[in-house]
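# Commentary on secondary and tertiary structure
Listed here are the chains, written in short residue letters.
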Amino acid sequence: MITAPDAQRFLEENFAPWVLALSPSVTQCDHTGLTVDIPITDEIARIGGIVSGQVLATLADTAMVLAAGANRGQMIPVATVTLDTQFLRPGSGDTVRAEAQVLRAGRSMIFARCTLTALPVNKPIAHATATFAVPG
């Protein structure tokens, strides 16, 4: 079973420096899903303190990639085939939480979803779905 520290270590050792610059922290991880938090800082905010859409899409993709590994029981490299993000409302506050789950995992394809929530307001700001190819 993959733990939050295992997923955090995989994240830190395998993701691009610009993803790590978001200061992602894996706070929960098991075979049913994974949670990643990032702080809302001036570096990721647009005018008015609203979190940039590019950051939200990156966070969702990152969380779903990690959830795919947690679901498999080992962190694995996957390739994003599709990523669809729906922005629901402006994201502001002090933290963005990404809660990702695998919907279906086959041998060569994994389907996942993610809800992004702004804290402390605790309202969803975006939903994302993705399809990942598992190298074989």
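Refer to the structure above for everything that follows.
Residues numbered from 1 in each chain as written. Predicted model: local features only at pLDDT ≥ 70, side-chain atom pairs only at ≥ 80, totals over all residues. Heavy atoms only, no water.

## Observations regarding the pairing of strand E6 (residues 123-133)
Cut-off, in case you're wondering: Two strands qualify as a pair provided that DSSP identifies no fewer than 2 bridges between them. Each helix corresponds to a stretch of at least 4 residues labelled H or I by DSSP, and each strand to a stretch of at least 2 residues labelled E; elements are numbered beginning at the N terminus.
Bridge count for strand E3 (residues 79-87) against E6 is 8 bridges, and the pairing is antiparallel. Bridge pairing in E6 links Thr85 to Ala128. With 10 bridges joining them, strand E5 (residues 109-119) and E6 adopt antiparallel strand pairing. Pairing of Leu116 across the sheet is with Ala126, part of E6. Linking E5 back to E6 in an antiparallel pair, the connection comprises 3 residues, with Asn122 at a positive phi of about 65°.

## Quick notes on the side chain of Asp37
Our working definition: For every residue, the accessible area obtained with a 1.4 Å probe (protein chains only) is divided by the maximum for its type, and the residue is called buried under 20%, exposed over 50%, and partly exposed between those limits. Pairs of N or O atoms are called polar contacts if they sit within 3.5 Å, as long as, within protein, a hydrogen donor faces a hydrogen acceptor (for residues adjacent in sequence, only side-chain-to-side-chain pairs). Here, residues are in contact when the closest pair of their heavy atoms is within 4.5 Å.
The topology assignment puts Asp37 in strand E2 (residues 33-39). Taking relative accessible area as the criterion, Asp37 reaches 12% and is therefore assigned buried. One polar contact links Asp37 to Arg97, side chain to side chain, over a distance of 2.8 Å. Not counting residues up to four positions away in its chain, the partners in contact with Asp37 are Ser23, Pro24, Ser25, Thr27, Thr95, Val96 and Arg97.

## Looking at helix H3 (residues 53-72)
Rules: Residue count minus one, scaled by 1.5 Å, sets the expected span of a helix.
The end-to-end C-alpha separation of H3 is 29 Å, in line with the 28 Å expected for 20 residues at 1.5 Å each. Gly73 sits one or two positions beyond H3 and adopts a positive phi of about 90°.

## Re the pattern of salt bridges
Rule in force here: Counted as salt bridges are all cases of a side-chain nitrogen of Lys or Arg within 4 Å of a carboxyl oxygen of Asp or Glu.
Summed over the entire model, instances satisfying the criterion amount to 2 salt bridges. The residue Asp6 makes a salt bridge to Arg9 at a minimum N-O spacing of 2.8 Å. With a gap of 3 residues between them, Asp6 and Arg9 both fall in helix H1 (residues 4-14), about one helical turn apart. According to the relative accessible area criterion, Arg9 is partly exposed, its value standing at 41%. Residues Arg97 and Asp37 are paired through a salt bridge, measuring 2.8 Å at the closest nitrogen-oxygen approach. Taken together, the positions of Arg97 in strand E4 (residues 95-105) and Asp37 in strand E2 put the pair 60 residues apart, joining distant regions of the chain. For Arg97, a relative accessible area of 27% gives the class partly exposed.

## A word on the environment of Phe132
Within the element layout of this structure, Phe132 appears in strand E6. Sequence separation of Phe132 and Val81 is 51 residues, and the distance between their C-alpha atoms is 5.3 Å. For Phe132, the contacting residues outside a window of four places in its chain are Asp61, Met64, Val65, Val78, Ala79, Thr80, Val81, Ser108, Met109, Ile110 and Ala112.

## Overview of the nonpolar core
Operational definition: By convention a nonpolar core is built from buried Ala, Val, Leu, Ile, Met, Phe, Trp, Tyr and Cys residues, the set being connected through side-chain atoms within 4.5 Å.
Within the largest apolar cluster, 45 residues are counted, with the highest numbers of intra-cluster contacts made by Val26, Leu34, Met64, Leu66, Val96 and Leu116. For this core, the elements supplying multiple residues, two or more each, are H1, strand E1 (25-30), E2, H3, E4, E5 and E6. With 11 residues, H3 is the largest single contributor of residues to this core. If sequence neighbours within four positions are ignored, Val96 has contacts with Val36, Asp37, Ile38, Ile40, Val51, Leu56, Leu59, Leu116, Thr117 and Ile125.

## Thoughts on the pairing of E1
By the bridge criterion, 5 bridges tie E1 to E2 in an arrangement that is antiparallel. The residue of E2 that forms the bridge with Asp30 is Gly33.

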